[in-house]
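# Remarks on the overall topology
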Amino acid sequence: MRVLVLPRDPNPYQRLLYSEMQRLGVQVTYIGELTPSQTLNLLLLPLEVGARRIAGARLIHLHWVFAFTLPGARRLPFMRRVAHVWFLFWLRICQMLGMHLVWTAHNVLPHEPVFADDVSARRALVQASDLVLAHSQSALAELAALGAVARRSAVIQHGPIASIRSAASLGVAGAGGEPRRFLFFGRVQEYKGVDDLLAAFLAMPDDVAAHLTVAGQCDDPRLRSRLYALARRGGACVVLRLERVLEEEVAQLLAAADVVVLPFRRVTTSGSAMLALSHGKPLIVPDLAGLADLPDQAVLRYDSGIPALVAALARLASADGETLAAMSAAADGYASRTTWQEIAERTMAEMRSVLGDVPEAELCGRPVIAP
């Protein structure tokens, strides 16, 4: 089986999934990379898909739509309308060429606007897709609420994400005593609520001993400025690393933390949550549908709003080592429950069903991978 993939992203999900699929005999080719220019690659994409189809490819696996972003879209809204039209044209070309489109819905809507009407573009994408893959049933429900109901869909759990590490490098949550060490890790964007986290951390009672590290690349100058202003109020108790963290540093960063905090304002799927669980770290997360599948024993959920986040931080800052160790064990157990080989095999089976290479009866007998 040959799979064309769009776009390539540093997100470890693709590397972990496709390395297993390739090991199982799938030929994986990234498209949209013919030249160093993203714009030129986008213009050439219909021709590239046509050439790949002539060469025998039959299936495209789409992950995110940011590859269709045109230069100047932030300053010139008209460019988003052009991108929207081009995206619809590309979907139509894929259909005319007989390409089968599989979309993995990592996000119900893009985190940053891509098209003039992202909701309309999502409906068109779902309508054009032969198969929509999601990591949770809630993602499919949210798409349906937008009027984007998939003709065929499957839920396949997000797999564990762990950097290269030894068992000794994991660290035991709560083993270091006070102060309690909180961590936010991941790309820092507006929707992730990192400014809420800093505000909540600063609002904790003075007698709570805690330390907060925020680590991750932030490309928004205004957001960076707000975060630095808040962090200065925390003095030595707050560390900001608003830069890309090298992969070889990730395990050490997580090993030093007692609790990972992900104060998302909205979310469909969180690779950062799986990364934390894969390193055996308890989580503090908002009570959102996209995070409902995370294990209750490893997660402290809070209602939206800074006061509720303050209470959650204070609760785990004051928790004893035994409580955190139990949460850590639950996190590690959840993350190791499903392997990438199982995820790859299920993904391949779903793709073969789209191509007609797997009997429907055989596919229906396969359980949905879910927690």
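If you're wondering where the values come from, they're calculated on a predicted model, not measured in any experiment. (Residues numbered from 1 in each chain as written. Predicted model: local features only at pLDDT ≥ 70, side-chain atom pairs only at ≥ 80, totals over all residues. Heavy atoms only, no water.)

The next point concerns the overall build of the protein. Within the protein, the regular secondary structure consists of 13 helices and twelve strands. Here the C-alpha atoms of the protein give a radius of gyration of 22 Å, agreeing with the 21 Å that 2.2 N^0.38 yields for 371 residues. Judged by the C-alpha coordinates and their principal axes, the protein covers about 65 × 50 × 35 Å. The buried share among the 371 residues of the protein stands at 51%. Pairs at least 24 residues apart make up 73% of the contacts formed inside the protein by residues separated by at least 6 positions. As displayed, the protein has an accessible area near 16500 Å², and 54% of this comes from carbon and sulfur atoms. Taking the average location of the 37 positive side-chain charges in the protein and that of its 35 negative ones, the two points are 7 Å from each other. (Helix = DSSP H or I, 4+ residues; strand = E, 2+ residues; numbered from the N terminus. Rg over C-alpha atoms; globule rule 2.2 N^0.38 Å. Buried < 20%, exposed > 50% of the residue type's maximum accessible area, 1.4 Å probe, protein only. Contact = heavy atoms within 4.5 Å. Areas by Shrake-Rupley, 256 points an atom, 1.4 Å probe, with all protein chains shown as cover. Lys, Arg positive; Asp, Glu negative; His and termini not counted. Charge placed at Lys NZ, Arg CZ, Asp CG, Glu CD.)

This brings us to the pairing of strand E11 (residues 283-286). The alternating pattern of E11 places Leu 283 and Val 285 and Ile 284 and Pro 286 on opposite faces, both of which are buried. After leaving strand E10 (residues 259-261), the chain enters helix H9 (residues 271-278) and then returns to the sheet as E11, a path that is right-handed. The pairing of E11 with strand E12 (residues 299-302) spans four bridges and is parallel. Bridging from a neighbouring strand, Pro 286 pairs with Tyr 302 of E12. (Right-handed = clockwise from strand over helix to strand, strands pointing away. Pairing = 2+ DSSP bridges.)

The next subject is the sheet that holds strand E7 (residues 180-185). One open sheet holds the six strands; their spatial order is E9-E8-E7-E10-E11-E12, and the pairing between them is parallel. Bordering the open sheet on either side are strand E9 (238-241) and E12, each of which pairs with just one other strand. On average, each strand axis in the sheet is tilted by 20° relative to the strand beside it, whichever way the strands run. Packing of H9 onto the sheet brings it into contact with E7, E10 and E11, and relative to E11 it is tilted by some 160°. Here helix H10 (residues 306-317) sits on the sheet in contact with E7, E10, E11 and E12, set at roughly 155° to E12. (Axes fitted to C-alpha atoms, helices over the stretch in contact; angles between N-to-C directions.)

Our focus in this paragraph is the packing of aromatic side chains. Counted under the stated rule, the structure contains nine aromatic pairs. Centroid distance Tyr 13 to Trp 340: 5.5 Å. Interplanar angle 75°. Geometry classified as edge-to-face. Taken as a pair, Tyr 13 in helix H1 (residues 12-23) and Trp 340 in helix H12 (residues 340-355) lie far apart in primary sequence, 327 residues in all. By the burial criterion, Tyr 13 is buried, and Trp 340 matches it. Taking the centre distance of 6.2 Å and the plane angle of 20° together, the rings of Tyr 191 and Phe 264 count as stacked. You can see Tyr 191 sitting in the loop between E7 and helix H6 (194-202) and its partner Phe 264 sitting in the loop between E10 and H9, a full 73 residues away along the chain. Here Tyr 191 matches Phe 264 in class, with each residue buried. Counting every residue linked through ring pairs, the aromatic cluster contains Phe 68, Phe 87, Trp 90 and Phe 115. One Lys or Arg, Arg 8, reaches over the ring of Tyr 30 and ends 4.0 Å from the middle of that ring. (Phe/Tyr/Trp six-rings, centres within 6.5 Å; stacked < 30°, edge-to-face > 60°. Lys NZ or Arg CZ within 6 Å of the ring centre and 35° of its normal.)

With respect to the secondary-structure elements, Met 21 resides in helix H1. Owing to a relative accessible area of 0%, Met 21 belongs among the buried residues under this scheme. Counting along the chain gives 105 residues from Met 21 to Val 126, while the straight-line C-alpha distance between them is 24 Å. When near neighbours in sequence (up to four residues on either side) are disregarded, Met 21 contacts Val 3, Val 26, Ala 344, Thr 347, Met 348 and Met 351.

For the rest of this paragraph, the subject is the sheet that holds strand E6 (residues 153-155). Read across the sheet, six strands follow the order E2-E1-E3-E4-E5-E6 without closing on themselves; strand pairing throughout is parallel. Of all strands in the sheet, those with a lone pairing partner are strand E2 (27-30) and E6, marking the two edges. On average, each strand axis in the sheet is tilted by 25° relative to the strand beside it, whichever way the strands run. Strands in contact with helix H2 (residues 38-54) are strand E1 (2-6), E2 and strand E3 (59-62); relative to E2, the strand with the most contacts, it is inclined by about 160°. Along the sheet, H12 contacts E1, E3, strand E4 (100-104), strand E5 (131-134) and E6; its crossing angle with E5, the most-contacted strand, is approximately 165°.

Function cannot be read off these values alone, since they describe shape.
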